[in-house]
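# Structure at a glance
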2 protein chains.
Amino acid sequence: MVSELTVIGIDLGGTKISTALVDGSGRIIAHDYRETYATEGLEAVIERMLDGARCVMAQVGVEPSQVAAVGVGAPGPLDIEAGVVVAPPNLPGWDHVPLKQRIEDELGITTFLENDANAAALGEHCFGAGRGTEHMIYVTVSTGIGGGLVLDGKLYHGIGGMAGEVGHMMIMPYGPRCGCGNRGCLEALASGTAIARQARERVARGVPTMMADLAGGDSEHITAKLVAEAAGQGDVEARDILAEAMNYLGIGMANLVNLFNPQLIVIGGGLTNIGAALFEPVRRAIDRHAFHAQAQAVRVVRAELGDNVGVLGAAAVALARREPILSACAGPRLRDR
Amino acid sequence: MVSELTVIGIDLGGTKISTALVDGSGRIIAHDYRETYATEGLEAVIERMLDGARCVMAQVGVEPSQVAAVGVGAPGPLDIEAGVVVAPPNLPGWDHVPLKQRIEDELGITTFLENDANAAALGEHCFGAGRGTEHMIYVTVSTGIGGGLVLDGKLYHGIGGMAGEVGHMMIMPYGPRCGCGNRGCLEALASGTAIARQARERVARGVPTMMADLAGGDSEHITAKLVAEAAGQGDVEARDILAEAMNYLGIGMANLVNLFNPQLIVIGGGLTNIGAALFEPVRRAIDRHAFHAQAQAVRVVRAELGDNVGVLGAAAVALARREPILSACAGPRLRDR
């Protein structure tokens, strides 16, 4: 049986499109997964998104009229209100695409657009580690560092929908160059990319470390995963690099704790696979650098939705905006869990 | 004639108590101003607060029944919901004082408590430079750096009422020691205290500067005001110190712009008296370090309420919490002014 709160979530990425039919409690009823092939151009990608949506409905015999809404998580920048994808770097040829309108016209289902980091934050808030919280910050740490803010129980957008750029908080003036062009951003100090860069620099300098061997002698093959592997095998240099990066991540989180006084920070992304090597230094830095009361008030936990965070986040957007009263996302809130 | 929206604002500081009868548009109808004499103890201070409130009513012949609410801005930490002053460093002997209850019992008027920085933020939002904005950050730069956040048109508190500690964002790991015990906080780099410390260090090192003369040869007499004076007279060292400090202030503001995507940053506090020497480098740093779209979306302006920010902020707290629908603070919002 399909409840009124069944929605479709579409996670549009630069390399893949993940689509799911999801119920009001975040259960995935049907799932479709295909390549984006972004180079084939706009129309081909939109067609694949529509096919994915039709496919999940067909899998369980659901009609569009039975779907309450479609939520799309897409790379920014976006015009969320208008439902327009402005010009994402990883979707070449997309220039002010009225994606909401296109999907509504084709599927006949109300559609809402949200940037991917915000959607992921809402996904964890509705269905994952942040359930029941009022003030939650979601941070994703992988090649980059992104984030989304759930404040007073709602996604916080700011005036242009671009709030939550956690990774581009400057915490070291004149620090290493960031991909954004700035210097000393959190992302330039604590992301997977930053960790790999540090390791490559040490290997290039001839510092003795098993990372050189693991990379087959080519420092360009060094990734954050390889650094974590070397650290796990006791390599001192690798451990040092990770410890320093995670201390910076903790400083960034301490800043968020002082600014937002959140009850929960949810950390997701590939780097969380290192587990305690991430969470312990982050916790330590918060306890050391944030005010005592704010530090005491916040828990730092790992994201729960894993690879489904994008598609469940997109579904959460659909639920939160279509049925703000009824949806799980707007359910009773606990001040403490 | 007294409208239904007449409120009393009380700004309780460590050295003075400012009390005003204020109408719904932020007009001060009557004002009382007296010393705190905090060392005389809790009961004496509360009695002076009550006297101040009775005094402003008597000045214009208003009865307590004609006053919609009392708002109190007090130094934190506070329990805002319970209306309890926990243990502010500058009010010795105050330990979990149920100030809301005490004032309600004595005056018979509903009373609301808020921390002073939040109250000031709300004051600027309701009656000052932030009128009509949805997303506004208030920052006060004087001996310390504090702040308050108005997000989605409302004061943002976080889970324990302690959000908005703008001054204790770390922007330089291993930077100078801050009054809070941490290192490299914005306050340790850009407050009046930080500026004076920098100047004293240079004078003590024997760097040639007119700041030494202005201080009568005693580097302990150097204040931020003196540094600004020397800078105004063309002293290179003083200008250098101010420029560096204001660049750090700008980096802090750029971080807020990336995190909150606000439409307005309102800067108040004594240091704003240096005018363009503050606002120009701050603007430059935002344009340089924040994302283009967020930087474009934000205006940075000087606070408008001056010395009355505390008492008008306290009045704004009373209005916003007593009459959330009717008050100026909840009036129609403009996305752009």
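Residues numbered from 1 in each chain as written. Chains lettered and ligands numbered in written order. Predicted model: local features only at pLDDT ≥ 70, side-chain atom pairs only at ≥ 80, totals over all residues. Heavy atoms only, no water.

## A few points about the relation of the copies chain A and chain B
To keep things clear, this is the line we draw: For this overlay, a least-squares fit was computed on C-alpha atoms, restricted to residues scoring pLDDT of at least 70 in both copies. Should any heavy atoms of two residues lie within 4.5 Å, those residues are considered in contact.
At an RMSD of 0.0 Å, chain A and chain B line up after a rotation of 180 degrees and a shift of 0.0 Å along the axis. Taken together, the rotation and translation relating the two chain copies correspond to the operation of a two-fold axis. It is Ile171(A) whose C-alpha, among those of chain A, lies nearest the rotation axis, at 2.1 Å. An overlap of 100% is found between the interface residues of chain A and their copies at the interface of chain B, pointing to a shared contact surface.

## What about the sheet that holds strand β1 (residues 7-12) of chain A?
Residue and element names in this part refer to chain A. Selection rule: Two strands pair under a simple rule: DSSP has to find at least two bridges between them. For helices the rule is a DSSP run of H or I covering at least 4 residues; for strands it is a run of E covering at least 2, with both sets numbered from the N terminus onward. Think of each axis as a best-fit line through the C-alpha atoms, taken over the contacting stretch in the case of a helix, with angles from 0 to 180 degrees between the N-to-C directions.
Strand order in the open sheet formed by five strands is β3-β2-β1-β4-β7, with mixed pairing between adjacent strands. Two strands in the sheet have a free side with no partner beyond their single neighbour: β3 (28-35) and β7 (111-115). Going from strand to strand, the sheet's axes swing by 15 degrees on average, the running direction of each strand aside. Bridge analysis of β1 against strand β4 (residues 69-74) gives five bridges, and the strand direction is parallel. If you follow Asp 11 over to β4, its bridge partner there is Gly 73. Where helix α1 (residues 42-59) meets the sheet, it contacts β1, β2 (16-22), β3 and β4, and its direction lies at approximately 150 degrees from that of β3.

## Quick word on the sheet that holds strand β12 (residues 299-302) of chain B
Residues and elements named next belong to chain B. Judged by pairing direction, the sheet is mixed, and its five strands sit side by side in the order β10-β9-β8-β11-β12 without closing on themselves. Taken across any chain shown, the strands that pair with only one partner, and hence form the sheet edges, are β10 (154-155) and β12. Pairing of strand β8 (residues 136-141) with strand β11 (residues 264-268) involves five bridges; the strand directions are parallel. Looking at the pairing, Thr 140 lines up with Gly 268 of β11. Across the face of the sheet, helix α8 (residues 236-260) comes into contact with β8, β9 (145-151) and β11 while running at roughly 160 degrees to β8.

## What about the interface of chain A and chain B?
Using the following cut-off: What counts as buried area is the accessible surface, traced by a 1.4 Å probe, that two parts surrender upon association, with contributions from both included. Distance and chemistry together define a polar contact, namely a pair of N or O atoms within 3.5 Å, with one atom able to donate a hydrogen and the other to accept it when in protein, and with adjacent residues in sequence counting only for side-chain atoms on both sides. All residues other than Ala, Val, Leu, Ile, Met, Phe, Trp, Tyr, Cys, Pro, Asp, Glu, Lys and Arg, Gly among them, are scored as polar; the first ten of these are nonpolar and the last four charged.
On the side of chain B, 43 residues touch chain A, which itself brings 43 residues to the contact. Across the chain A to chain B interface the summed buried area is about 3600 Å²; carbon plus sulfur atoms make up 60%. Our count for the contact surface shared by chain A and chain B stands at 24 residue pairs in polar contact (both at pLDDT 80 or more). By residue number, the principal contributor to the side of chain A that touches chain B is helix α8 (residues 236-260) of chain A, which donates eight residues. When the residues that make up the side of chain A that touches chain B are grouped by side-chain class, the tally is 23 nonpolar, 15 polar and five charged.

## Topic: the state of the cysteines
We count it as follows: Any two cysteine sulfur atoms within 2.5 Å of one another count as a disulfide. Exposure classes here rest on a 1.4 Å probe applied to the protein chains alone. A residue is buried below 20% of its type maximum, exposed above 50%, and partly exposed in between.
If you walk through the whole model with that rule in mind, you get zero disulfides over all chains. The thiol sulfur of Cys178(A) is not disulfide-bonded, and the nearest other cysteine sulfur, from Cys180(A), lies at 3.8 Å. Cys178(A) gets classed as buried once you look at its relative accessible area, which sits at 6%. The closest cysteine sulfur to the non-disulfide-bonded Cys185(B) is located on Cys180(B), 3.7 Å from its own sulfur.

## Focus: the side chain of Asn255(B)
You can see Asn255(B) is positioned in helix α8. Of the residues examined, Asn255(B) reaches a relative accessible area of 1% and is grouped as buried. For Asn255(B), the side chain forms a polar contact with the main-chain nitrogen of Met170(A), separated by 2.6 Å. Excluding its chain neighbours within four sequence positions, the residues that come into contact with Asn255(B) are His168(A), Met169(A), Met170(A), Met169(B) and Ile171(B).

## Describing the nonpolar core
For clarity, the threshold we go by: To define a nonpolar core, start from buried Ala, Val, Leu, Ile, Met, Phe, Trp, Tyr and Cys residues and group those joined through side-chain atoms within 4.5 Å.
Membership of the largest hydrophobic core comes to 106 residues, with the highest contact counts inside it found for Ile286(A) and Ile286(B). Beyond its immediate sequence surroundings of up to four residues, Ile286(A) is in contact with Gly250(A), Met253(A), Ala254(A), Val257(A), Ile265(A), Ala295(A), Val298(A) and Val300(A). If you look at the next biggest cluster of nonpolar residues, it comprises 31 residues, including Ala68(A), Ala119(A), Ala120(A) and Leu264(A).

## Section: the side chain of Asn118(A)
Within the secondary structure layout, Asn118(A) lies in helix α3 (residues 116-127). Non-local contacts of Asn118(A), meaning those with residues more than four positions away in its chain, are made with Gly147(A), Gly148(A), Leu155(A), His157(A), Gly161(A) and Ala163(A).

## Looking at the pairing of β11(B)
Residues and elements named next belong to chain B. Within β11, five of the five residues are buried, which leaves the element mostly enclosed by the surrounding structure. Judged by which residues are buried, β11 turns out to be covered on both faces: Leu 264, Val 266 and Gly 268 on one side and Ile 265 and Ile 267 on the other are all buried. As paired strands, β11 and β12 are joined by four bridges and run parallel to one another. Bridge pairing in β12 places Ile 265 opposite Val 300.

## Points about the pattern of salt bridges
All names here are of chain A. What counts here: By convention in these notes, a salt bridge is any Lys or Arg side-chain nitrogen within 4 Å of a carboxyl oxygen on Asp or Glu.
Here the structure, examined in full by the defined rule, presents 28 salt bridges over all chains. Measuring nitrogen to oxygen at the nearest pair gives 3.4 Å for the salt bridge that ties Glu 47 to Arg 54. A salt bridge links Arg 54 to Glu 106; the nearest nitrogen and oxygen atoms lie 3.7 Å apart. Of this pair, Arg 54 sits in helix α1 while Glu 106 sits in helix α2 (residues 99-107), and the two are 52 residues apart along the sequence. By relative accessible area, which is 33% here, Arg 54 ends up partly exposed. Counted as one network, the salt bridges with shared partners bring together Glu 47, Asp 51, Arg 54 and Glu 106.

## Notes on unusual backbone geometry
Omega for the bond connecting Gly76(A) with Pro77(A) falls within 30 degrees of zero, at 0 degrees, which places this linkage in the cis form. Relative to the assigned elements, Pro77(A) resides in the loop between β4 and β5 (78-79). Even without being a glycine, Tyr174(A) presents a positive backbone phi close to 65 degrees. With respect to the secondary-structure elements, Tyr174(A) resides in the loop between β10 (154-155) and α4 (186-190). One non-glycine residue with positive phi stands out, namely Tyr37(B), at about 45 degrees. Following the sequence through the fold, Tyr37(B) ends up in the loop between β3 (28-35) and α1 (42-59). Owing to a relative accessible area of 46%, Tyr37(B) belongs among the partly exposed residues under this scheme.

The quantities given are spatial measurements derived from coordinates; they are silent on function.
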